[in-house]
Amino acid sequence: MDIPEEFRRRDYQMFRGIPLASLFVENWKRVEQFQVRPDDLLIASFPKSGTTWMCEIMDLILNNGDVKKCQRDAVYNRVVMLEFAGVTTIQPGTEVLSRMPSPRLLRTHLPISLLPKSFWENSCKVIYVARNAKDVAVSSYHFAGANILHPHPGTWEHYLEKFMAGKVMFGSWHEHVTSWWEKRNDLRLLYLFYEDMKEDLEREIRKLLAFLEKDMEEEVLKIIVQRASFQVMKENPMTNYETIPTHLLDKRVSPFMRKGICGDWKNHFTVHQNEKFDEDYEKKMSGTTLSFRTEI
Ligand code: PPS
């Protein structure tokens, strides 16, 4: 697994108004032509919103809580990222997916405006996971420090300004969460929240089961809740990203499974930053019925 020098720590490339890693832009044709199968299951999210958590849960559900089966590979290989592209040895997500038997689980961080046409035509089920903007900003700041596909994040103050302006990978959090929310009835979509999952994971898994029209024995449900706990996932090499080499994702800078809480933003935002953020947030979110909890 490697990423050539020229693609490391490079500035994002603007693509149809969205900042993306240039590796992803170069691969765009494949993404655009991606063929959805109606029994595909798509996990969509803004980065750092609980995607990996949802991937592990969904793989456990589809495998009926068979823990051994869910240890077959790292979570990012079990649930392939649609727009992911590397060069040399890293295969584009679309290529891996095209060889995968159905039912496929896949994930994306794309804003809904960039979702390939085939999703609208073939209408597979979609699970969107959203997390409050303040904790996402904090989590993505730490991740950008560790991940060479991002430019260096600089100071927290500098990064927070970029986040508010939508100048981070995949663009504006505000636009991402609201545009997926507004379109939730045009797709077969279940919209879930990280904070609700933290509050009562079993309850949220029951929502998933109803959406998937799947029955499950109570003992299996308990196993899934336990396997998807932060502590278990942090210690599980198939979910904690320890299989990604340090020169690509430096876990000494920040572990992938970092804190896994709601409200860590309070340890990062100054009073002034919080006021400025809230003011900007009010303006950007004024037209939506979507609302978030920043503490539980
Ligand atoms: S990525 O890189 O965009 O796919 O990241 P993503 O998986 O969306 O989000 C990573 C954050 O989710 C936290 N996480 C969890 N929280 C609670 N419980 C469980 N089981 C869990 N699994 C992952 C992870 O720790 C990251 O959040 P932070 O705040 O950085 O800890």
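Before any of the text, the structure's been laid out above.
Just so it is clear, the structure is predicted and the values come from calculations on it, not from any experiment.

Let's shift gears to the pairing of strand S5 (residues 105-108). Covered by surrounding structure in S5 are Leu 105 and Arg 107 together with Leu 106 and Thr 108, the residues of both alternating faces. With 4 bridges joining them, strand S3 (residues 41-45) and S5 adopt parallel strand pairing. Paired with Leu 42 across the two strands is Leu 106, which belongs to S5. Examined bridge by bridge, strand S4 (residues 80-81) and S5 share 2 bridges and lie parallel to one another. Paired with Val 80 across the two strands is Leu 106, which belongs to S5.

Within helix H9 (residues 173-182), 7 of the 10 residues are buried, which leaves the element mostly enclosed by the surrounding structure. Every buried residue of H9 is listed here: Trp 173, His 174, His 176, Val 177, Thr 178, Trp 180 and Trp 181. In this structure, the buried side of H9 is in contact with S3, strand S6 (125-130), helix H7 (133-146), helix H8 (156-164), strand S7 (188-193) and helix H14 (271-285). The N-capping residue of H9, defined by a side-chain oxygen 3.2 Å from the backbone nitrogen of His 174, is Ser 172.

Moving on to the site of the ligand. Around the ligand, the structure places 21 residues, and the nearest of them are Thr 51, Thr 52, Ser 139, Tyr 194 and Lys 259. Expressed as a share of its isolated accessible area of 650 Å², the protein-covered part of the ligand is 97%. Among the secondary structure elements, those contributing two or more residues to the shell around the ligand are helix H3 (51-62), H7 and helix H13 (230-235).

Within the fold, Gly 145 resides in helix H7. Measuring from C-alpha to C-alpha, the distance between Gly 145 and Phe 211 comes to 36 Å, with 66 residues separating the pair along the chain. When residues no more than four places from it in sequence are discounted, the contact partners of Gly 145 are Arg 9, Pro 153 and Val 253.

It is the contact of H3 with helix H11 (residues 201-212), at a shortest axis distance of 12 Å, that shows an interaxial angle of 60 degrees. Put simply, H3 runs oblique to H11. Seen from above, H3 lies across H11 with right-handed handedness. Residues Trp 53, Met 54, Ile 57, Met 58 and Ile 61 of H3 form the contact with H11, whose own contacting residues are Leu 201, Ile 205, Leu 208, Leu 209 and Leu 212. Across the contact of H3 with H11, the residue classes break down as 10 nonpolar, no polar and no charged.

Strand order in the open sheet made by the 5 strands is S4-S5-S3-S6-S7, with parallel pairing throughout. One side of each edge strand has no neighbouring strand; the edge strands of this open sheet are S4 and S7. Along the sheet, H3 contacts S3, S5, S6 and S7; its crossing angle with S3, the most-contacted strand, is approximately 165 degrees.

Moving on, we come to the side chain of Ser 118. Relative to the elements of secondary structure, Ser 118 occurs in helix H6 (residues 117-122). Judged by relative accessible area, which is 3%, Ser 118 ranks as buried. Those residues in contact with Ser 118 that lie beyond four places of it in its chain are Phe 34, Gln 35, Val 36 and Ser 123.

What counts as what
- Just so you know, the residues in each chain are numbered from 1, in the order the chain's sequence is written.
- A pLDDT threshold of at least 70 governs which residues receive local features in this predicted model, and a stricter bar of 80 or more applies before side-chain atom pairs are shown or counted, although totals over entire chains, interfaces and linings include all residues.
- The side-chain numbers reported here are obtained from all heavy atoms of the structure, hydrogens and water having been left aside.
- For each residue, the accessible area found with a 1.4 Å probe, counting protein chains only, is set against the maximum for its type, and the residue is called buried under 20%, exposed over 50%, and partly exposed in between.
- Secondary structure follows DSSP: runs of H or I at least 4 residues long count as helices, runs of E at least 2 residues long count as strands, and numbering of each begins at the N terminus.
- A pair of strands is treated as paired once DSSP finds two or more bridges between them.
- The contact definition used throughout considers only heavy atoms, calling two residues in contact when any of these lie within 4.5 Å.
- For this analysis, a polar contact is any N or O atom pair within 3.5 Å, provided that within protein one partner can donate a hydrogen and the other can accept it, and provided that sequence-adjacent residues contribute only side-chain to side-chain pairs.
- Put simply, a residue is near a molecule or strand once any heavy atom of it comes within 4 Å of that molecule or strand.
- Reported accessibility uses the Shrake-Rupley method at a 1.4 Å probe radius. Residues are deemed covered only where the shown protein chains occlude them.
- Helix axes are fitted only over the stretch in contact, all axes being lines through C-alpha atoms; the angle between N-to-C directions runs from 0 to 180 degrees.
- Roughly parallel means an angle under 35 degrees; roughly antiparallel, over 145; roughly perpendicular, 65 to 115; everything else is oblique.
- Crossings are assigned a handedness: left-handed for a near helix turned anticlockwise from the far helix by less than a right angle, right-handed for a clockwise turn.
- Each residue gets one of three labels, nonpolar for Ala, Val, Leu, Ile, Met, Phe, Trp, Tyr, Cys and Pro, charged for Asp, Glu, Lys and Arg, and polar for the others, Gly among them.

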